[in-house]
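This is what each chain is made of:
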Amino acid sequence: MDFIKEFFSSYGSSILNSIYICLMACCSYIGLKIKTSVEKYEKDRIKKRIVEDSVKYVEQVYKELGSKEKYKKAEKNILILFNENNIVVTDLELKVLIESACNEFTEKKINKDKKGL
């Protein structure tokens, strides 16, 4: 029993400091992971919003153009907005985002037309 008391009186504060340091390192790591996830989610949300708004804009303003020309206009507008917001996107990701937004827009338009009949 004396050995335990002596051990903790000699090394107790060092052990507690080590535990504290490990706990703080774990908390910092978890906080960093959460921050990274939130930032990624926010950037993805901004990307999607920019693409959706650009597709709606092109559909409204350039009604006389064909689908390929509308796609090019939307792509150009999106890339300008992404550059202004320091958002990096690959060609494939941009294509997927635009196609998804066009599909959503078309589905909404079809559903609206069905309700109107």
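**As for the overall build of the chain**
- Each helix and strand counted, the chain has three helices and zero strands in total.
- When the elements of the chain are put in sequence order from the N terminus, they spell out α-α-α.
- In terms of overall dimensions, the chain is more spread out than a globule: its C-alpha atoms have a radius of gyration of 27 Å, far above the 13 Å expected for 117 residues.
- In terms of overall dimensions, the chain has a C-alpha envelope of 90 × 35 × 20 Å along the principal axes.
- Sequence separation of 24 or more characterises 60% of the internal contacts of the chain that already satisfy a separation of 6 or more.
- Of the roughly 9700 Å² that the chain leaves accessible, carbon and sulfur atoms contribute 60%.

**Overview of the packing of aromatic side chains**
- Counted under the stated rule, the structure contains one aromatic pair.
- Pairing Tyr57 with Tyr62 gives two aromatic rings, centres 6.3 Å apart and planes at 85°, and the pair type is edge-to-face.

**Quick look at unusual backbone geometry**
- Positioned with a positive phi, Asn86 is a non-glycine residue whose angle comes to about 55°.
- Here Asn86 lies in the loop between helix H2 (67–84) and helix H3 (91–116).

**Concerning the confidence of the model for the chain**
- For the chain, the mean per-residue pLDDT works out to 88, and 97% of the residues sit at or above 70.
- Confidence scores differ between elements of the chain, with H3 showing the lowest mean pLDDT of 85 and H2 the highest of 93.

**Comments concerning the nonpolar core**
- Ile50, Val51, Ile78, Phe82, Leu94 and Ile98 are the most contacted members of the largest nonpolar core, which has 13 residues in total.
- For Val51, the residues in contact, after removing those within four places along its chain, are Ile78, Phe82, Leu97, Ile98 and Ala101.

**Quick notes on the side chain of Lys70**
- Summarising the element assignment, Lys70 is placed in helix H2.
- The class for Lys70 is buried, based on a relative accessible area of 15%.

**As for the packing of helix H1 (residues 2–61) against H2**
- Taken N-terminus to C-terminus, the directions of H1 and H2 make an angle of 140°; their axes are 9 Å apart at the nearest point. Considering the angle they form, H1 stands oblique to H2. The two elements H1 and H2 meet at a crossing, and its hand is right-handed. Side by side, H1 and H2 meet where Lys47, Ile50, Val51, Ser54, Tyr57, Val58 and Glu59 of the first sit next to Lys70, Lys73, Ala74, Asn77, Ile78, Leu81 and Phe82 of the second.
- Grouping the amino acids of the contact of H1 with H2 by side-chain chemistry returns eight nonpolar, two polar and four charged.

**A short note on the state of the cysteines**
- This structure, assessed with the given rule, holds zero disulfides.
- Not part of a disulfide, Cys27 finds its nearest cysteine sulfur in Cys26, a span of 7.0 Å.
- According to the relative accessible area criterion, Cys27 is partly exposed, its value standing at 43%.

About the criteria used
- Numbers given for residues are sequential positions, taken from 1 along each chain in its written order.
- Given that the model is predicted, a residue must reach a pLDDT of at least 70 before its local features are reported, and side-chain atom pairs must reach 80 or more before they are shown or counted; all residues, however, enter totals for whole chains, interfaces and linings.
- To obtain the side-chain values, all non-hydrogen atoms of the structure were included, while hydrogens and water were left out.
- Comment: elements are numbered from the N terminus, with helices defined as DSSP H or I runs of at least four residues and strands as E runs of at least two.
- It is over C-alpha atoms that the radius of gyration is taken, and the globule rule equals 2.2 Å times the number of residues to the power 0.38.
- Any two residues whose heavy atoms approach within 4.5 Å are treated as being in contact.
- Here the Shrake-Rupley method, with its probe set to 1.4 Å, supplies the accessible areas, and only the displayed protein chains count as covering residues.
- Between 30 and 60 degrees the pair is tilted, below 30 it is stacked and above 60 it is edge-to-face, where a pair is any two Phe, Tyr or Trp rings, Trp via its six-membered ring, whose centres lie within 6.5 Å.
- pLDDT is a residue-level measure of predictor confidence that goes from 0 to 100.
- Only buried Ala, Val, Leu, Ile, Met, Phe, Trp, Tyr and Cys residues count toward a nonpolar core, and they belong to the same one when joined by side-chain atoms within 4.5 Å.
- Accessible area is worked out with a 1.4 Å probe on protein chains only. A residue is then buried under 20% of its type maximum, exposed over 50%, and partly exposed in between.
- Simply put, an axis is a line fit to the C-alpha atoms, just over the touching stretch for a helix, and the angle between two N-to-C directions goes from 0 to 180 degrees.
- An angle below 35 degrees is treated as roughly parallel, one above 145 as roughly antiparallel, one from 65 to 115 as roughly perpendicular, and anything else as oblique.
- Crossing chirality is assigned from the near helix's rotation relative to the far helix, an anticlockwise turn below a right angle marking it left-handed and a clockwise turn marking it right-handed.
- Gly falls in the polar group here, along with every residue not listed as nonpolar (Ala, Val, Leu, Ile, Met, Phe, Trp, Tyr, Cys, Pro) or charged (Asp, Glu, Lys, Arg).
- The disulfide criterion is simple: two cysteine sulfur atoms within 2.5 Å.

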